[in-house]
Amino acid sequence: MTLDWTRLVRGAALLAWAGFFDWLWLSGRAGDYVGPKTAWVVPFGGIVLTITALLYLRGTRAHEPARGPSARELVGLLALLAPLLLVAAAPSSSLGALAVERKRSSGDQRAAINRLDRTADLTLYDIAVANSSTEYAAERDVRDGVKVTIDGLVSKESDGESFEFSRFLASCCAADAMPYSIRVEPSPDAPPLELSEWLEVTGTLQSTDAGFVVVAEEIRAIERPSNPYGV
Amino acid sequence: MTAATARHPVLGTALRPLLGDDRPGLALAVSAIGIAVVLSPHWWAEAWSLSGVSVDYLGLYASAWAPFGLLALLAGWRGLMSPWMTAAALPIVTAVTLRALEATSGVALGLADAAPPVVLTVIVLILWGIDVHIRLGSGSLPDAWRDRRAGRATEAPVTVPLLLSLGLLVALVLVGGRLGGVDSVAEFETFTVIFASIAVEALPFVLLGALMSGLIEVFVSDRAFERVARLPLRLQVPGLALCGMAMPVCECGSVPVARRLILRGVHPGAGVAFMLAAPILNPVVLFSTWVAYSGQDALLMVGARAGLGLALATATGLLIARMGAGRLLTRSGGHAHHHHHGEGRVRRVMDHLSADFFFMGKFVIAGAALAAAMQTLVPADVFTGVLTTPLVGAALLMAFAFLLSLCSEADAFVAISFVQFPIGAQLAFLVFGPVLDIKLALLYAATFGWAFVARLAVITIPIVLGGSMLVQAVAG
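Summarised in this report is the structure supplied together with it. (Residues numbered from 1 in each chain as written. Chains lettered and ligands numbered in written order. Predicted model: local features only at pLDDT ≥ 70, side-chain atom pairs only at ≥ 80, totals over all residues. Heavy atoms only, no water.)

### Regarding helix 14 (residues 251–263) of chain B
Residue and element names in this part refer to chain B.
Part 1 of the argument: Taking 1.5 Å per residue as the helical rise, helix 14 with its 13 residues ought to reach 18 Å, and the 19 Å between its terminal C-alpha atoms agrees with that figure.
Part 2 of the argument: Along helix 14, 12 of the 13 residues are buried, which leaves the element largely enclosed by surrounding structure.
Part 3 of the argument: Looking only at helix 14, the buried set comprises Glu251, Cys252, Gly253, Ser254, Val255, Pro256, Val257, Ala258, Arg259, Arg260, Leu261 and Ile262.
Part 4 of the argument: Residues of helix 14 that are buried sit in contact with helix 11 (186–219), helix 12 (222–230), helix 13 (233–243), helix 15 (268–281), helix 18 (345–377) and helix 23 (438–448). (Helix = DSSP H or I, 4+ residues; strand = E, 2+ residues; numbered from the N terminus. Expected span 1.5 Å × (residues − 1). Buried < 20%, exposed > 50% of the residue type's maximum accessible area, 1.4 Å probe, protein only. Contact = heavy atoms within 4.5 Å.)

Here's what the structure looks like:
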């Protein structure tokens, strides 16, 4: 009996991906990469890949000497693991201010939030869409004086009066995540803000020429939520 | 035996095939370039120009020059590194050193951060290992390319230098990334998240498609395929296209299934029709399109997407067949099946599954990397911020769909946000994306060859443009 090294190396690559999916699932980090509606892909991928890897590795013992992996195959397997290596090198990566800038488009963002479950409280998405749709503003009661508590990330630093506050909404994964942005007027005693920093802002809506602005009463830094691409 | 191996018997034994002549000129040139690069900030960096070259900064100069010194040693002594690899390494080392020196130019001169020289030294060692690996095989990279193009290439075994290079590369990425805090670099962060997200979303479907492909291979009898293959082409092609409705996976999963169908005797044109139709006609995609467009021409959009998708798949399959699709799968895709006679069906399914998964997976990863790079570097408004005619708008959105590489089960929510584009252009986005995008282009090229990709583009682009403009004319 000898080991089929090619099968062993391939099985190890499968196991690495299975381990990554399982880690995303069990650690609750799946939300960093996939949207809420397709989060099922992660446990599905974890279970299927784990079973596949274990079944595949069962056949590692060979009856006769088998040729080891070629150089090309080894490099190909390493390329297959490239996303895992990059995530391991930068485990706390997330879409931030640069992604808001790159993914910003002048399109209508109403349709994507129509499929969200409605909550009684207004979200950043509601305020952003209300800025371009008076009909939506009326439907969701987005008006002057309404008190809101919203979370998001700083996507543009203050211009002296207000800073841009954004949140992504994804249907499938971070690749199709669209940014929703509003302006926030910080309170005078607000701490200095950093780009891509996650905050929770409590304040009151105020209508301006440029749309609704949140006049902040309280701003506090928070950890990035487990679902940064949806509610 | 060269003079080199005579003087160094142990080293010579290990590296005998590689030892050559000294190249003092090359070593001097690399050293001189290194000195020039290290001292250059005194000319172009404002903070450095205030002070001239000084022995007080010898430590800084030495640490920054160290990678050039290693490169000069390898290139010039006993021919340890080939000239072409030295030429490839030199711009990398120069660019990174300049960037690192620029980063220090805004602060008071002191000892340079040790990271760039250490990183560059590791990079030089990685390149050297790859160089040694290639020279142990084909002799040089140009020779390897010539052999491959002439069909003389054989699969090279793994060598110790290659293993060491790959190990160093992994260590550099993991350790260097963690210590260097690359997750605070916005471009790296954005690229990594989008890259990983496309891979996480796509790979389970690739696995599902590979599993279906394996099940078809092992459990479906030859007789079933013979019956399908005997059908006339004008029935086979649309029939297989309609079968795509039963395949609830995105485009990555349909490629291995189509490949398996063709290998089992289905006409290649029919296999292609199935492959193109499945990502558009499957119920999950049509449902998500309905949800995205609800309240705004949902029925029109779903019907148009399904209709144009079916027409596109059928027409493409028939045209591909007419163009001589008989040899569509001359590229075996490097599948090495590891099953033996008498082994169980489960193992055979696993073998086929893994072969398809590994073959397809790396091209999905490559496509994901390209799509992530595009999204990181190119603002979306370059495509979506331009108000144009319906035809040009459709072409723009098709180009955008190609670059974004979105899953067909979610692209409707992106398409509907393009309100400045008419309905026909949005339809073009929804039909073209699942048929041809960056990752699919790589996958098709690996499976069917680049000629197929070119033919597919030539056929599908006019059909999608024409079909979407027809819908625009009727509904607009």
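### Describing unusual backbone geometry
Residues and elements named next belong to chain A.
Part 1 of the argument: The phi angle at Asp141 is positive, at roughly 60 degrees, despite the residue not being glycine.
Part 2 of the argument: If you trace the backbone, Asp141 turns up in the loop between helix 8 (134–139) and strand 3 (147–156).
Part 3 of the argument: For Asp141, a relative accessible area of 39% translates into the label partly exposed.

### So, the sheet that holds strand 3 of chain A
Residue and element names in this part refer to chain A.
Part 1 of the argument: The mixed closed barrel is built from five strands, whose spatial order is 3-4-5-7-6. For this sheet, the mean inter-axis angle between neighbouring strands, taken without regard to orientation, is 60 degrees.
Part 2 of the argument: Judged from the three bridges that link them, strand 5 (residues 178–185) and strand 7 (residues 211–221) form a sheet pairing that is parallel. Bridge pairing in strand 7 places Val184 opposite Val214. (Pairing = 2+ DSSP bridges. Axes fitted to C-alpha atoms, helices over the stretch in contact; angles between N-to-C directions.)

### Side note on the nonpolar core
Most often, soluble globular proteins have nonpolar side chains that are buried together.
Part 1 of the argument: The biggest cluster of nonpolar side chains holds 134 residues, and the ones touching the most others in it are Trp17 and Leu95 of chain A together with Tyr293, Phe357, Phe429, Leu436 and Tyr444 of chain B.
Part 2 of the argument: Excluding residues that lie within four positions of it along the chain, Tyr293 of chain B makes contacts with Ala298, Met301, Ala412, Ala415, Ile416, Gln426 and Leu430 of chain B.
Part 3 of the argument: Grouped together as the second largest cluster of nonpolar side chains are 28 residues, Val146, Tyr180, Leu205 and Phe212 of chain A included. (Core = buried A, V, L, I, M, F, W, Y, C linked by side-chain atoms within 4.5 Å.)

### So, the packing of helix 8 (residues 115–137) of chain B against helix 10 (residues 160–180) of chain B
How two helices pack is summed up by the angle between their axes together with the distance between the axes.
Residues and elements named next belong to chain B.
Part 1 of the argument: Between helix 8 and helix 10, the least distance of the axes is 8 Å, while the angle of their chain directions is 155 degrees. One element, helix 8, and the other, helix 10, form an angle in the roughly antiparallel class. Relative to helix 10, helix 8 is oriented so that their crossing is left-handed. Listed contacts from helix 10 to Val119, Val122, Ile123, Leu125, Ile126, Gly129, Ile130, Val132, His133 and Leu136 of helix 8 are Pro161, Leu162, Ser165, Leu168, Leu169 and Leu172.
Part 2 of the argument: Class assignment of the residues belonging to the contact of helix 8 with helix 10 gives a composition of 13 nonpolar, three polar and no charged. (Parallel < 35°, antiparallel > 145°, perpendicular 65-115°, else oblique. Left-handed = near helix turned anticlockwise from the far one by under 90°. Nonpolar A, V, L, I, M, F, W, Y, C, P; charged D, E, K, R; others polar.)

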